[in-house]
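Understanding the architecture of this molecule
Residue-level listing of the chains:
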Amino acid sequence: MRKEKNSYTEFKDRVLARPQVRESFEEGLDELRLAVSLAELREKRGMTQTQLAAQVHTSPSVISRIENGGNVEVKTLQKIAHALDARLNIELAEA
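In short, a report on the structure. (Residues numbered from 1 in each chain as written. Predicted model: local features only at pLDDT ≥ 70, side-chain atom pairs only at ≥ 80, totals over all residues. Heavy atoms only, no water.)

Take the environment of Asn-68 next. Summarising the element assignment, Asn-68 is placed in the loop between α4 (60–67) and α5 (74–83). Expressed as a C-alpha distance, the spacing of Asn-68 and Leu-32, which sit 36 residues apart in the sequence, is 7.5 Å. (Helix = DSSP H or I, 4+ residues; strand = E, 2+ residues; numbered from the N terminus.)

Below is the structure:
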């Protein structure tokens, strides 16, 4: 039995067919993946945002902003990775 598309799915498909919208959508996914992986690793290490911020010499609000998908500098990510005893991987891949 084939599932019919609902109006949301049809709308999403139609909107994502536009190249600029798709590009923005995919960029947002990358930021979300980074935010989720940071929060998960921080929690796995048993750290609060405040504790991580202290180790990175920044404010808890900066850590919160990053974990909510905000912009972040590579230098800050390197400090966070070091504080979490993690490796930072940044990759450019052909689209």
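So much for the structure itself; the text now carries on.
Closest axis-to-axis distance for the helix α3 (residues 49–56)/α4 pair is 8 Å, and the angle between their directions is 110°. Relative to α4, the element α3 lies roughly perpendicular. Once α3 is placed against α4, the crossing between them reads as right-handed. Together, Gln-49, Thr-50, Leu-52 and Ala-53 of α3 and Pro-60, Ile-63, Ser-64 and Glu-67 of α4 make up the contact between the two elements. (Axes fitted to C-alpha atoms, helices over the stretch in contact; angles between N-to-C directions. Parallel < 35°, antiparallel > 145°, perpendicular 65-115°, else oblique. Left-handed = near helix turned anticlockwise from the far one by under 90°. Contact = heavy atoms within 4.5 Å.)

The subject of this paragraph is the pattern of salt bridges. Scanning the model with the defined rule gives two salt bridges in all. For Arg-42, the salt bridge goes to Glu-43, with nearest N and O atoms at 3.8 Å. Taking relative accessible area as the criterion, Arg-42 reaches 7% and is therefore assigned buried. (Salt bridge = Lys/Arg side-chain N within 4 Å of Asp/Glu carboxyl O. Buried < 20%, exposed > 50% of the residue type's maximum accessible area, 1.4 Å probe, protein only.)

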